[in-house]
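So you can see what is in the structure, the chains are spelled out below.
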Amino acid sequence: MKFPYSKFSILFLLLVITTIGAADPATVQLLSLGRMNEAIRALSNRGDPESFNLLSRAYYAMERWDDAVKWGERAIAERPQDASYHLWLARAYGRKAGDSNPLAAAGIARKAKNEFERAVQLDPANVEARSDLSKYYTEAPAIMGGGLDKARDQAAQVNKYDAAEAHSILAQVAAKEKRYDEAESQFRSAIKEARNPAQYWLQLADFYRLRGRFDDVQKTVLTATAQPSRSAEAYFEAANELYLSGRDFPEAMQYLRKYLDSGGLVEEAPAFRAHYLLGQVYEKMGRGSAATSEYEASLALASGFDRARKALGRLQ
């Protein structure tokens, strides 16, 4: 999930509902559509662990970390053996730590590490959990349980199931070590191995952006969106990279419009965030009235999304 926010925003799968008494698929679909107001109303009347988990994810998407943690903890209290619940709680802890003061952040980050590790322990074949754990190991200092060798170990495990993602993990480790040529090579290896190379082209674009290689960002974004196997989400990710690079705002606008009109909305890039990002793009283009409309559209779907509320207030 690479919004114009934290990197940890990034990366979410829909949960298949199979348990008795779980939230119905229509409610799950509300998260994909980004209709958080409706989802929260529907889920708040239920008392099963799956609904608690979905509430946590809804609040996570709106960056309400305390609420995301509260409902994630309740889900795990009811169903402690569910790896996906531990993964989502780990993400909530991780983002809360990032927004906390340094004294509190260390303890919260350790909770995130413990939850990531528990998710992997419960489901060793869960590539998503291992990938997120590797990101923690890559970014966290040793005193908080981080370590690049630990991240490499996760890459070795992931390679059993998904070679492309293993290369992506190794690319992130190499970038952390400032071995940038090796990082680029690993991203390109991920592209070659991937069934859906668009997502790894976009990871490469993100790498170029962080290195200040903005011309390469534009070229790589174009390559990503030209992939025949691309998902609709690729348009969102492409727009985000252009926005963060300060390049080609009209093209970013077109990508976001394509995404919103695609019928392929996903939880990783909910509609309310797409409207918010489109508002940001319009602001950069000097189109204040259009930006206002997009922020209003975002809040109509997710009234608890403070970023959109603050942006709207700035323009009014």
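Anything mentioned here points back to the structure above.
Here's a quick rundown of the structure. Remember, it's a predicted structure, so these values are computed and weren't measured experimentally.

1. As for the side chain of H275
Turning to its location among the elements, H275 is positioned in helix α15 (residues 271-284). What H275 contacts, discounting residues up to four positions off in sequence, is L260, E294, A297, S298 and L301.

2. A few points about unusual backbone geometry
A positive phi is found at K178, a non-glycine position, where the angle reads about 65°. Mapped onto the elements, K178 comes out in the loop between α9 (163-176) and α10 (180-193). On the basis of relative accessibility, which here comes to 62%, the residue K178 falls in the exposed class. At D248, a residue that is not glycine, the phi angle is positive and equals roughly 50°. Within the element layout of this structure, D248 appears in the loop between α13 (233-245) and α14 (249-260).

3. A few points about the packing of aromatic side chains
Tallied over the entire structure, the rule returns 12 aromatic pairs. Here the guanidinium or amino end of R74 rests over the ring plane of F52, the centre of that ring lying 4.3 Å away. Lying across the ring of Y180, R211 places its NZ or CZ 3.5 Å from the centre.

4. A look at the packing of helix α6 (residues 102-122) against helix α7 (residues 127-139)
For the pair α6 and α7, the least separation of the axes is 9 Å and the interaxial angle reads 150°. In terms of orientation, α6 lies roughly antiparallel with respect to α7. Where α6 crosses over α7, the handedness of that crossing is left-handed. Seen from α6, the contacting residues are A109, R110, K113, F116, E117, A119 and V120; seen from α7, they are A129, R130, D132, L133, Y136 and Y137. Residue composition of the contact of α6 with α7, grouped by class: 8 nonpolar, no polar and 5 charged.

5. Things to note about the nonpolar core
Grouped together as the largest cluster of nonpolar side chains are 96 residues, with contacts concentrated most on M36, M62, V221, L256, Y259 and F272. Ignoring sequence-local partners within four residues, the contact set of L256 consists of F236, A239, A274, L277, L278 and V281. In this structure, A155, V158, A166 and I169 belong to the second largest nonpolar core, which totals 5 residues.

6. Examining the environment of L43
Take L43: it is sitting in helix α2 (residues 36-43). C-alpha of L43 to C-alpha of V28: the two residues are 15 residues apart in sequence and 9.7 Å apart in space.

7. Focus: the packing of helix α4 (residues 65-78) against helix α5 (residues 83-98)
Closest axis-to-axis distance for the α4/α5 pair is 9 Å, and the angle between their directions is 155°. Classified by the interaxial angle, the pair formed by α4 and α5 is roughly antiparallel. Crossing geometry of α4 relative to α5 is assigned as left-handed. Contacts between α4 and α5 involve W65, D66, A68, V69, G72, E73, A75 and I76 from the first element and Y85, H86, L89, A92, Y93, R95 and K96 from the second.

8. Some points on the pattern of salt bridges
The full count for this structure, using the stated rule, is 23 salt bridges. Residues E38 and R35 are paired through a salt bridge, measuring 2.7 Å at the closest nitrogen-oxygen approach. We classify E38 as partly exposed; its relative accessible area is 31%. By relative accessible area, which is 29% here, R35 ends up partly exposed. D82 serves as the salt-bridge partner of R79, at 3.9 Å between the closest nitrogen and oxygen. Taken together, the salt bridges that share partners define one network made up of D149, R152, E177 and R179.

The rules behind these values
Residues numbered from 1 in each chain as written. Predicted model: local features only at pLDDT ≥ 70, side-chain atom pairs only at ≥ 80, totals over all residues. Heavy atoms only, no water. Helix = DSSP H or I, 4+ residues; strand = E, 2+ residues; numbered from the N terminus. Contact = heavy atoms within 4.5 Å. Buried < 20%, exposed > 50% of the residue type's maximum accessible area, 1.4 Å probe, protein only. Phe/Tyr/Trp six-rings, centres within 6.5 Å; stacked < 30°, edge-to-face > 60°. Lys NZ or Arg CZ within 6 Å of the ring centre and 35° of its normal. Axes fitted to C-alpha atoms, helices over the stretch in contact; angles between N-to-C directions. Parallel < 35°, antiparallel > 145°, perpendicular 65-115°, else oblique. Left-handed = near helix turned anticlockwise from the far one by under 90°. Nonpolar A, V, L, I, M, F, W, Y, C, P; charged D, E, K, R; others polar. Core = buried A, V, L, I, M, F, W, Y, C linked by side-chain atoms within 4.5 Å. Salt bridge = Lys/Arg side-chain N within 4 Å of Asp/Glu carboxyl O.

Honestly, it's all geometry; don't read function into it.
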